[in-house]
Amino acid sequence: MGEMRFLKLATLQQVYSEYLRLVNPLDRVEQISVLESLGFVSAEDIPARQDLPGFNKSLVDGYAVRAKDTTGASTSFPAVLHFAFEVKVGEEPKRPLGQNEAAWIATGAMLPIGADAVVMAEHTQRFGEYVEVMKPVAVGENVFKKDDDVKLGQLIVTKGVRIGPGHLQLMFQLGIQRLKVFRRVSVGVISTGDEIVEPFEQNKSIAQVRDSNSYTLECWLKSLGFRIERVGLCRDDEEMLFKMLKDSMKNHDAIVIVGGSSIGTRDFTESAMNRSGKPGVIFHGILMQPGKPTVLGLLDGKPVVGLPGNPVSFTVSARFVLLPILRKLEGEIDFLPKPVGMVKLARNVSSRQGREHFVRVRLFVRDAQVWAEPLESETAQVSNLAMADGVIRLPANIEGLYAGDFAEFYPLWSGW
Ligand code: AMP
Ligand code: MG
């Protein structure tokens, strides 16, 4: 018998372009309170209905003045201005500021009309009705202008962006109460394998393996706000998998099948997928390591992802293949993983040319530089996963990197 081969191999780039192009956003919109919106993808462009900060705001404690009234002021020849009034935070000034007048103003308070700068208290002296200014100020000095932050009509949230804490700040500042978002995607997960048992099974044989993948996926995706249901365990049995898949396709927007994604005689993910909808399997085998035995199908418009059972491969494939699919499905525009920075390698790492490699690393800081200590090991698999801060990504066209080289770093669990 000849060696079995993956027949529909793809690079990760092809997955991101060719497969993801076939994944259509669900486009199911609901209106929710801003209070609930963190982590949702916005379904609308939201323009600012006012400027921010909305009024000319003093950045210091001091005197609001007309800058030209302070021209040439110095310690020996101060500009002498009339004390006009005081402006407290949260209060509108009593009246406009006249020529040669100075109004005491607190940090964060609103400049009176007519004033165009603020002199810091340190450069002034008050003598009853008079204020001596010992240093000139330029127009705009110590002032945060009314539309410096946001201009009326400017988009503060755009359609397809995932709402983060910064968007919340803007929406609350602008008094926005509700917004349209895309509904969260619902994911069904089927675990396969004759050896796989529930993690809390009491009467387990030592030769059986606890299902850590689907439970970890559930916890992780929930933390990102997705809806996820573990459909259950499936034997290595094509008929049973076909039925479970067909059934869960009725209830979920995307399906994950864990295990059985390779090309062995007991691997049924591909065949069950091809029986369950059109066009069926698009790619089988991705030129990445770990994570190569990944199956990508599109069954009657629904993405179905077969992930490898090995927990390390599973994790990397879930992070770099499954997550972008779910993000695009939810209508997010920027759905591809982004490195959070470049890190310096503490040791050499080798990789096989022709495959992208993801190497688990631990980060540390030395000499004002972030370093990555590779944790790769054939044996310490799941334990390394727990120790890792994330992974570095090695392009397919190299045979490794040397200590001191730089590589892209991606967190595995936190963030997007
Ligand atoms: P498979 O991808 O089905 O060939 O499985 C590869 C390896 O991953 C085997 O050693 C399985 O026992 C293990 N494995 C499969 N499914 C799971 C799971 N849900 N949780 C933990 N390990 C698994
Ligand atoms: Mg298996």
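You'll find the structure just up there.
Residues numbered from 1 in each chain as written. Chains lettered and ligands numbered in written order. Predicted model: local features only at pLDDT ≥ 70, side-chain atom pairs only at ≥ 80, totals over all residues. Heavy atoms only, no water.

Caption draft 1: Spotlight on the site of ligand 1. Around ligand 1 there are 14 residues in total, and Glu195, Asp211, Gly260, Gly309 and Asn310 lie nearest to it. Contact between ligand 1 and Glu195: an oxygen atom at 2.7 Å from a side-chain N or O atom of the residue. The backbone of Ser212 places a nitrogen or oxygen atom 3.1 Å from a nitrogen atom of ligand 1. If ligand 1 stood free it would expose 490 Å²; the protein chains cover 73% of that surface. Looking at the shell around ligand 1 residue by residue, the class counts come to four nonpolar, seven polar and three charged. (Near = heavy atom within 4 Å. Polar contact = N/O pair within 3.5 Å; in protein donor to acceptor, adjacent residues only side chain to side chain. Areas by Shrake-Rupley, 256 points an atom, 1.4 Å probe, with all protein chains shown as cover. Nonpolar A, V, L, I, M, F, W, Y, C, P; charged D, E, K, R; others polar.)

Caption draft 2: Region of interest: the sheet that holds strand 9 (residues 130–133). Strand order in the open sheet formed by six strands is 7-4-6-5-9-8, and the pairing between neighbours is mixed. Looking at strand neighbours, the two that pair on one side only are strand 7 (117–120) and strand 8 (124–127), the edges of this open sheet. On average, each strand axis in the sheet is inclined to that of its neighbour by 40°, with strand direction left out of account. Here strand 8 runs beside strand 9; their pairing, made up of four bridges, is antiparallel. Within strand 9, the residue paired with Phe127 across the bridge is Tyr130. (Pairing = 2+ DSSP bridges. Helix = DSSP H or I, 4+ residues; strand = E, 2+ residues; numbered from the N terminus. Axes fitted to C-alpha atoms, helices over the stretch in contact; angles between N-to-C directions.)

Caption draft 3: Region of interest: the packing of helix 4 (residues 238–251) against helix 5 (residues 269–276). The contact between helix 4 and helix 5 brings their axes to 9 Å, and the two run at 50°. Between helix 4 and helix 5, the crossing angle belongs to the class labelled oblique. In this structure, helix 4 crosses over helix 5, and the sense of that crossing is right-handed. Seen from helix 4, the contacting residues are Glu238, Glu239, Leu241, Phe242, Leu245, Lys246 and Met249; seen from helix 5, they are Thr269, Ser271, Ala272, Met273, Arg275 and Ser276. For the contact of helix 4 with helix 5, the residue count by class is six nonpolar, three polar and four charged. (Parallel < 35°, antiparallel > 145°, perpendicular 65-115°, else oblique. Left-handed = near helix turned anticlockwise from the far one by under 90°. Contact = heavy atoms within 4.5 Å.)

Caption draft 4: Representation of the packing of helix 1 (residues 12–22) against helix 6 (residues 311–329) in the model. Running from N to C, helix 1 and helix 6 point in directions that differ by 25°, and their axes come no closer than 11 Å. Viewed along their axes, helix 1 and helix 6 adopt a mutual orientation that is roughly parallel. The two elements helix 1 and helix 6 meet at a crossing, and its hand is right-handed. Mapping the contact onto sequence places Leu12, Val15, Tyr16, Tyr19, Leu20 and Arg21 in helix 1 and Phe320, Val321, Pro324, Ile325 and Lys328 in helix 6. Taken together, the residues that form the contact of helix 1 with helix 6 break down as nine nonpolar, no polar and two charged.

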